[in-house]
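# Architecture at a glance
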Amino acid sequence: LGGERAPLWNPDARFALIGASLDTNAAQILRACLESVALRLLDVSQRLHAACDVSTHIPLVASGGALQKSAVWRDIVCDALGAPLVLSDESEASARGAALVALEGLKILDDARNAPRHESQTVQPNEEHHEISARALERQVKIYRALML
């Protein structure tokens, strides 16, 4: 509602609900909203993979109360990304990540990936759902372009 963040950074973008009918209920609208956010994460992920020349989906470490508390949200994100989602129990995961990168940059830590992690679980993606998400992202991009012209 307040604009598009990564990767397009468009402050003028607004929410659009397309395809709803009189039969669309609140739960379906909520799910569509969650899926649309997950598709933006997929877009960012694809751009990062291309920029880093990474062809395989590596496990992603994720944190946050919403992911910890909602199995539905975890599954939506994991399926959209098509990669295992490792849930971190770190209360300050962003600060910890920044500290690890700094320690690695200062040569105090050889490889931040080898630092001990506090994980609660790993969620595996459903490949069929991931393929649906990839097609949905293509539609979302076309709709976004049409609305923003």
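The shown structure was predicted, so the numbers you read here are calculated from the model rather than taken from an experiment. (Residues numbered from 1 in each chain as written. Predicted model: local features only at pLDDT ≥ 70, side-chain atom pairs only at ≥ 80, totals over all residues. Heavy atoms only, no water.)

### Regarding the sheet that holds strand β1 (residues 60-62)
- Strands sit in the order β1-β2-β3 across an open sheet of 3 strands; the sheet is mixed. In this open sheet, the two strands that pair with only one neighbour each are β1 and β3 (119-123). Between one strand and the next, the sheet's axes are offset by a mean angle of 25°, whatever the strand orientation.
- Where β1 meets strand β2 (residues 85-88), 3 bridges bridge the pair, whose relative direction is parallel. Paired with valine 61 across the two strands is valine 86, which belongs to β2. (Pairing = 2+ DSSP bridges. Helix = DSSP H or I, 4+ residues; strand = E, 2+ residues; numbered from the N terminus. Axes fitted to C-alpha atoms, helices over the stretch in contact; angles between N-to-C directions.)

### Examining unusual backbone geometry
- In this structure, the amide linkage connecting alanine 6 to the following residue, proline 7, adopts the cis form with an omega of 5°.
- Structurally, the position occupied by proline 7 is in the segment before α1 (26-52).
- In this model, tryptophan 9 sits at a positive phi of 50°, which is unusual for a non-glycine residue.
- Looking at the secondary structure, you find tryptophan 9 in the segment before α1.
- According to the relative accessible area criterion, tryptophan 9 is exposed, its value standing at 61%. (Buried < 20%, exposed > 50% of the residue type's maximum accessible area, 1.4 Å probe, protein only.)

### What to know about the pattern of salt bridges
- The full count for this structure, using the stated rule, is 6 salt bridges.
- Arginine 31 is paired through a salt bridge with glutamate 35; the nearest N and O atoms lie 2.7 Å apart. Here arginine 31 pairs with glutamate 35, and both are found in helix α1, just 4 residues apart, close to one helical turn.
- By relative accessible area, which is 41% here, arginine 31 ends up partly exposed.
- Each of the salt bridges in this network shares a partner with another, and the network as a whole consists of Glu4, Arg40, Asp43 and Arg47. (Salt bridge = Lys/Arg side-chain N within 4 Å of Asp/Glu carboxyl O.)

### Digging into the nonpolar core
- Judged by nonpolar contacts, the single largest core of 16 residues is most densely connected at Leu67, Trp73, Val77, Leu85 and Leu87.
- Going through the elements one at a time, α1, α3 (71-81), β2 and α5 (127-148) are the ones with two or more residues in this core.
- Per-element tally for this core: the top contributor is α3, with 6 residues. (Core = buried A, V, L, I, M, F, W, Y, C linked by side-chain atoms within 4.5 Å.)

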